[in-house]
Amino acid sequence: MQFQLRDYAVQDGRLDDFVREWREVVLPLRKSLGFSVLGPWIERETSRFVWLVGYDGDIREADALYYASDERKAMDPDPGRFLSERREVWLEPA
C-alpha cells in the first residue's frame, strides 16, 4: 500500500467546520473509491488537520482519478475553501 501525508492549515475559527465537512463529504468518497484513511488528527493551537491517505496500487493515479471524478467536482462548496495552506507528501517505505 502506498501512502500520502496531508497536513492542512485551516483558517482561524474554521477547524470544526472543516472537520465536519471533511467527515461528511471527503471521507465517504475517498473510501468508496478504495482509499484507506488513517486519522485524522487535529492540533487546535495552530488550527492544523493531518491525515494519511493510502491506496493499494498506484496512489498518484488513484488520487488524480479522485479529483477528476464527477462526485468530487460536484462538491459545492469546495471543502478546500477552509484551508489557508496545504502540504502533501508522497511517502515511501523505509
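Conventions and cut-offs
- As a convention, each chain's residues are numbered from 1 in the sequence order in which they are written.
- In keeping with the model being predicted, local features are shown solely for residues with a pLDDT of at least 70 and side-chain atom pairs are shown and tallied solely at 80 or more, while totals for entire chains, interfaces and linings include all residues.
- Water and hydrogen atoms play no part in the side-chain values, which are based on all heavy atoms of the structure.
- Only DSSP runs of H or I reaching four residues or more are called helices, and only runs of E reaching two or more are called strands; each is numbered from the N terminus.
- We take the radius of gyration over the C-alpha atoms and set the globule estimate at 2.2 Å times the residue count to the 0.38 power.
- Three exposure classes are used, based on accessible area relative to the maximum for each residue type with a 1.4 Å probe and protein chains only: buried under 20%, partly exposed in between, and exposed over 50%.
- Residues are treated as being in contact if the distance between any of their heavy atoms lies within 4.5 Å.
- All accessibility values rest on the Shrake-Rupley procedure with a 1.4 Å probe; residue burial counts only the protein chains present in the view.
- When charges are counted, neither His nor the chain ends are considered; positive counts come from Lys and Arg and negative counts from Asp and Glu.
- Taken as the charge location is NZ of Lys, CZ of Arg, CG of Asp or CD of Glu.

Peer 1: Describe the overall build of the chain, listing the residues and the values that go with them.
Peer 2: Helix and strand counts for the chain come out as three helices and four strands. Relative to a compact globule of 94 residues, whose C-alpha radius of gyration would be 12 Å, the chain shows 13 Å and is just as compact. Counting only C-alpha atoms, the chain reaches 35 × 35 × 15 Å along its principal axes. Relative to its full complement of 94 residues, the chain shows a buried share of 37%. Taking the intrachain contacts of the chain between residues at least 6 apart in sequence as the baseline, contacts between residues at least 24 apart amount to 73%. Total accessible area computed for the chain in this model is approximately 5800 Å², and 48% of it derives from carbon and sulfur atoms. Counting 14 positive and 19 negative side-chain charges, the chain places the centres of these two groups 2 Å from one another.

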